[in-house]
Number of protein chains: 2
Amino acid sequence: MITDVTAAPFLQTLVTQIRAQDPYGVYRAWSDELLLKPYILSKEEKRRIPVDTPVDPVTKGRITYFYGAIAREIEQQTGKLMQVVVSLNEEGFGWVLVFSGKLLVVSRTLRDAQRFGFISLEQMAEDGAKAIRSGIALVERFPAVTEA
Amino acid sequence: MITDVTAAPFLQTLVTQIRAQDPYGVYRAWSDELLLKPYILSKEEKRRIPVDTPVDPVTKGRITYFYGAIAREIEQQTGKLMQVVVSLNEEGFGWVLVFSGKLLVVSRTLRDAQRFGFISLEQMAEDGAKAIRSGIALVERFPAVTEA
């Protein structure tokens, strides 16, 4: 059990990602918890978000920051530059791809992306850490592909 | 010099891709040349297409068919299933990614995608063939990555 869950390394990277995109300093007075709050959705809250409309730009930004933070962590631990592509269709279905050279380091399909979120900060931290671990393992297994 | 350029294998695959998405049979009476005509743009015609508006769905469809045809050709020649992701932002900038497993077989950045097109059918056939050749070479070089 982490007492201050926002101290988890992945969540700290995510917070840094979000704060970096704050040209007017709106988030300066916000705590990390408050900044991450929109990522936390109960099952009931998810159900209330309609999935028959396109993903709104704020939600898409949230998804991009999340996978951007994963990419940054993999970059720091492997020294390879990563690209992030989030591609969603009108129905909230699509792909998230993190790649380096010709290696797809993270590839996930998204469904109902309008409802992107996690039950808890702990679950979010674990999901990010899992993607980071498997991404690093791929880079270590196929280093030549990142240079191709 | 190819007399009937639409006989080029890549262009035939592209024609098949387009005809496959024709639920009302609109294209049934169209020649292959007519079907491919929107891909051919002179420099002057490109200049006349504004790039300060998002890529319209028809142009995006055209890009998707083009890379879909490349993916199908690589599939046929390698036996590996390919996914195609076309991700464009509001300014017509973005990525086209064709991948199999964890291998990025084709990865291209697009700029001014509103103006997607080629000077001639020959140039289009050559561009497609080039992407197919380099994609197949990657699959042959890193077969294990397509299974990862």
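Values in this document were obtained by computation on a predicted structure and should not be read as measured data.

Undergrad: In this structure, what is going on with the overall build of chain A? I would like to understand it.
TA: Secondary structure assignment for chain A yields 6 helices and 3 strands. In sequence order, the secondary structure elements of chain A are arranged as α-α-α-α-β-β-β-α-α. The C-alpha atoms of chain A give 16 Å as radius of gyration, which agrees with the globular expectation for 148 residues (15 Å, within 12%). For the C-alpha atoms alone, the extent of chain A along its principal axes is close to 45 × 35 × 35 Å. Counting across all 148 residues of chain A, residues that qualify as buried make up 47%. By sequence separation, contacts in chain A at least 24 residues apart represent 62% of the contacts at least 6 residues apart. Total accessible area on chain A stands at roughly 7,900 Å², and carbon and sulfur atoms take up 54% of it. Counting 18 positive and 18 negative side-chain charges, chain A places the averaged centre of each group 3 Å from the other.

Undergrad: Just checking my understanding: could you explain the pairing of strand β2 (residues 94-100) of chain B for this structure?
TA: Residues in a regular strand point their side chains to alternate faces of the sheet. Residue and element names in this part refer to chain B. Burial of β2 is extensive: 7 of the 7 residues sit out of reach of the surface. Of the two faces of β2, the one holding G94, V96, V98 and S100 and the one holding W95, L97 and F99 are both buried throughout. Here strand β1 (residues 83-88) runs beside β2; their pairing, made up of 6 bridges, is antiparallel. Looking at the pairing, V85 lines up with L97 of β2. From the end of β1 to the start of β2, which pair antiparallel, there are 5 residues, and G92 there has a positive phi angle of about 80 degrees. Relative to strand β3 (residues 103-110), β2 runs antiparallel, the two sharing 7 bridges.

Undergrad: I would appreciate a short explanation of the nonpolar core in the present structure.
TA: Taken as a class, soluble globular proteins show a tendency for nonpolar side chains to be buried jointly. Among the nonpolar cores identified, the biggest contains 78 residues, and F66 and M124 of chain A together with F66 and M124 of chain B are the most heavily contacted of them. In this structure F66 of chain A touches F10, L14, Y39, R108, F116, F118, M124, D127 and G128 of chain A, once residues within four positions along its chain are discounted. By size, the runner-up hydrophobic cluster in this structure holds 10 residues, among which are W95 and L104 of chain A together with V85 and W95 of chain B.

Undergrad: Mind showing me how you'd approach the relation of the copies chain A and chain B here?
TA: Superposing the two chain copies requires a rotation about an axis and a translation along that axis. Note on the identical chains: chain A maps onto chain B by a rotation of 180 degrees and an axial translation of 0.0 Å, with an RMSD of 0.0 Å. Each copy turns onto its partner about a two-fold axis. When the interface residues of chain A are mapped onto chain B, 100% of them again lie at the interface, so the same face is used by both copies.

Undergrad: Please explain the interface of chain A and chain B as it appears in this structure.
TA: Interface size is commonly expressed as the accessible area that is lost once the parts come together. Facing the 18 residues of chain A at the interface are 18 residues of chain B. Buried surface at the junction of chain A and chain B, both sides included, amounts to about 1,500 Å², of which 72% is carbon and sulfur. Among the residues of chain A in contact with chain B, W95, K102 and L104 of chain A are the three that bury the most area, contributing 35% of the side total. On inspection of chain A and its partner chain B, the count reaches 0 salt bridges. Summed over the shared surface of chain A and chain B, the result is 4 residue pairs in polar contact (both at pLDDT 80 or more). Of all elements in the fold, only β1 (83-88), β2 (94-100), β3 (103-110), α5 (121-141) and α6 (143-146) of chain A reach the threshold of two or more residues within the side of chain A that touches chain B. Considering every element that reaches the side of chain A that touches chain B, the biggest residue donor is β1 of chain A, with 4 residues. Residue classes in the side of chain A that touches chain B are distributed as 12 nonpolar, 4 polar and 2 charged.

Undergrad: What should I look at first to understand the pattern of salt bridges in this one?
TA: When the charged atoms of two side chains lie near each other, side chains of opposite charge can form a pair. Residues and elements named next belong to chain A. Scanning the entire structure with this criterion turns up 14 salt bridges over all chains. Among the ionic pairs, E75 bridges to R72, the shortest N-O distance being 2.9 Å. Residue E75 and its partner R72 are located together in helix α4 (residues 57-78), separated by 3 residues, close to a single helical turn. For E75, a relative accessible area of 16% translates into the label buried. By sharing partners, the salt bridges in this structure join E44, R47 and R48 into a single network.

Undergrad: Sorry, what's going on with the packing of aromatic side chains here?
TA: The relative placement of two aromatic rings is captured by the distance of their centres and the angle of their planes. Residue and element names in this part refer to chain A. Per the counting criterion, the structure on display carries 20 aromatic pairs over all chains. A centroid spacing of 5.2 Å and a plane angle of 85 degrees characterise the contact between F10 and F66, whose relative ring orientation is edge-to-face. Residue F10 is found in helix α1 (residues 9-20), and its partner F66 is found in helix α4; the two are separated by 56 residues along the sequence. Residue F10 shares its accessibility class with F66, and that shared class is buried. Put simply, the rings of F10, Y39, F66, Y67, F116 and F118 pair up and form one aromatic cluster.

Undergrad: Quick question: what am I supposed to make of the environment of K80 of chain B here?
TA: Residue and element names in this part refer to chain B. Following the sequence through the fold, K80 ends up in the loop between α4 (57-78) and β1. Between the C-alpha atoms of K80 and Y24, which are 56 residues apart in sequence, the distance is 31 Å. Within the structure, K80 has its side chain in polar contact with the side chain of T146 (distance 3.3 Å).

About the thresholds
Residues numbered from 1 in each chain as written. Chains lettered and ligands numbered in written order. Predicted model: local features only at pLDDT ≥ 70, side-chain atom pairs only at ≥ 80, totals over all residues. Heavy atoms only, no water. Helix = DSSP H or I, 4+ residues; strand = E, 2+ residues; numbered from the N terminus. Rg over C-alpha atoms; globule rule 2.2 N^0.38 Å. Buried < 20%, exposed > 50% of the residue type's maximum accessible area, 1.4 Å probe, protein only. Contact = heavy atoms within 4.5 Å. Areas by Shrake-Rupley, 256 points an atom, 1.4 Å probe, with all protein chains shown as cover. Lys, Arg positive; Asp, Glu negative; His and termini not counted. Charge placed at Lys NZ, Arg CZ, Asp CG, Glu CD. Pairing = 2+ DSSP bridges. Core = buried A, V, L, I, M, F, W, Y, C linked by side-chain atoms within 4.5 Å. Least-squares fit on C-alpha atoms with pLDDT ≥ 70 in both. Buried area = accessible area lost by both parts, 1.4 Å probe. Salt bridge = Lys/Arg side-chain N within 4 Å of Asp/Glu carboxyl O. Polar contact = N/O pair within 3.5 Å; in protein donor to acceptor, adjacent residues only side chain to side chain. Nonpolar A, V, L, I, M, F, W, Y, C, P; charged D, E, K, R; others polar. Phe/Tyr/Trp six-rings, centres within 6.5 Å; stacked < 30°, edge-to-face > 60°.

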